[in-house]
Amino acid sequence: VQLQAFGGGLVQAGDSLRLSCAASGQSSGHSFSMYNMGWFRQAPGKEREFVAAISWSGDTVYADSVKGRFTISRDNTKNTMYLQMNSLKPGDTAVYYCARNKRPRLIEANMYDTWGQGTQVTVSS
């Protein structure tokens, strides 16, 4: 399976962006709908950090830093996950990665087995 993240860009503080993560190449028995999906981000010089995740059943969890501003969602008919980012801040600047896992723990990066290539989000002040 391949995950492709896209939708990043250069925006000003207060603007919005929507990231998408499309899954392709899945085999039968491993459909997109069976997996938990997550977004992580990594800023220059910093470790990768959890942003948001959505379980196969639609439960969501967010990092405190984005709660109330970001919304994660998924469309299983399109094998795609989204991250709607509102009220963006310069501190949100990072490469954003999407990933999938089948384990019940959603916040830890090492629980995810497949990662996309990342999309750059830059927020200017």
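Look a little higher up for the structure.
The rules behind these values
Residues numbered from 1 in each chain as written. Predicted model: local features only at pLDDT ≥ 70, side-chain atom pairs only at ≥ 80, totals over all residues. Heavy atoms only, no water. Phe/Tyr/Trp six-rings, centres within 6.5 Å; stacked < 30°, edge-to-face > 60°. Lys NZ or Arg CZ within 6 Å of the ring centre and 35° of its normal. Helix = DSSP H or I, 4+ residues; strand = E, 2+ residues; numbered from the N terminus. Buried < 20%, exposed > 50% of the residue type's maximum accessible area, 1.4 Å probe, protein only. Contact = heavy atoms within 4.5 Å. Polar contact = N/O pair within 3.5 Å; in protein donor to acceptor, adjacent residues only side chain to side chain. Core = buried A, V, L, I, M, F, W, Y, C linked by side-chain atoms within 4.5 Å.

Peer 1: How would you sum up the packing of aromatic side chains? Please name residues and give values.
Peer 2: On inspection of all chains with the given rule, the structure shows 4 aromatic pairs. With a centroid separation of 6.0 Å and 55° between ring planes, the pair formed by tyrosine 112 and tryptophan 115 is classed as tilted. In this structure, arginine 48 is placed above the aromatic ring of tyrosine 97, and the distance from its NZ or CZ to the ring centre is 4.0 Å. Directly above the aromatic system of tyrosine 35 lies the positively charged group of arginine 100, at a separation of 3.8 Å from the ring centroid.

Peer 1: Before we move on, could you go through the environment of arginine 74 and cite the residues and values that matter?
Peer 2: The topology assignment puts arginine 74 in strand S7 (residues 70-75). Given a relative accessible area of 16%, arginine 74 falls into the buried group. Once residues within four sequence positions are removed from consideration, arginine 74 is found in contact with Phe32, Ser33, Tyr35, Asn36, Met37, Ile54, Ser55, Trp56, Thr80 and Met81. Within polar-contact distance, the side chain of arginine 74 engages the backbone oxygen of tyrosine 35 at 2.8 Å. At 2.9 Å, the side chain of arginine 74 and the side chain of asparagine 76 are in polar contact.

Peer 1: Lay out the nonpolar core in plain terms, naming residues and giving numbers.
Peer 2: Among the nonpolar cores identified, the biggest contains 36 residues, and Trp39, Met81, Leu83, Met85 and Tyr96 are the most heavily contacted of them. Looking at this core, the elements that each hand over two or more residues are strand S1 (2-6), strand S3 (17-24), strand S4 (36-42), strand S5 (49-54), S7, strand S8 (80-85), strand S9 (94-101) and strand S11 (119-124). Here this core gets 5 residues from one element, more than from any other, and that element is S5.

Interpretation in functional terms is not warranted from these geometric data alone.
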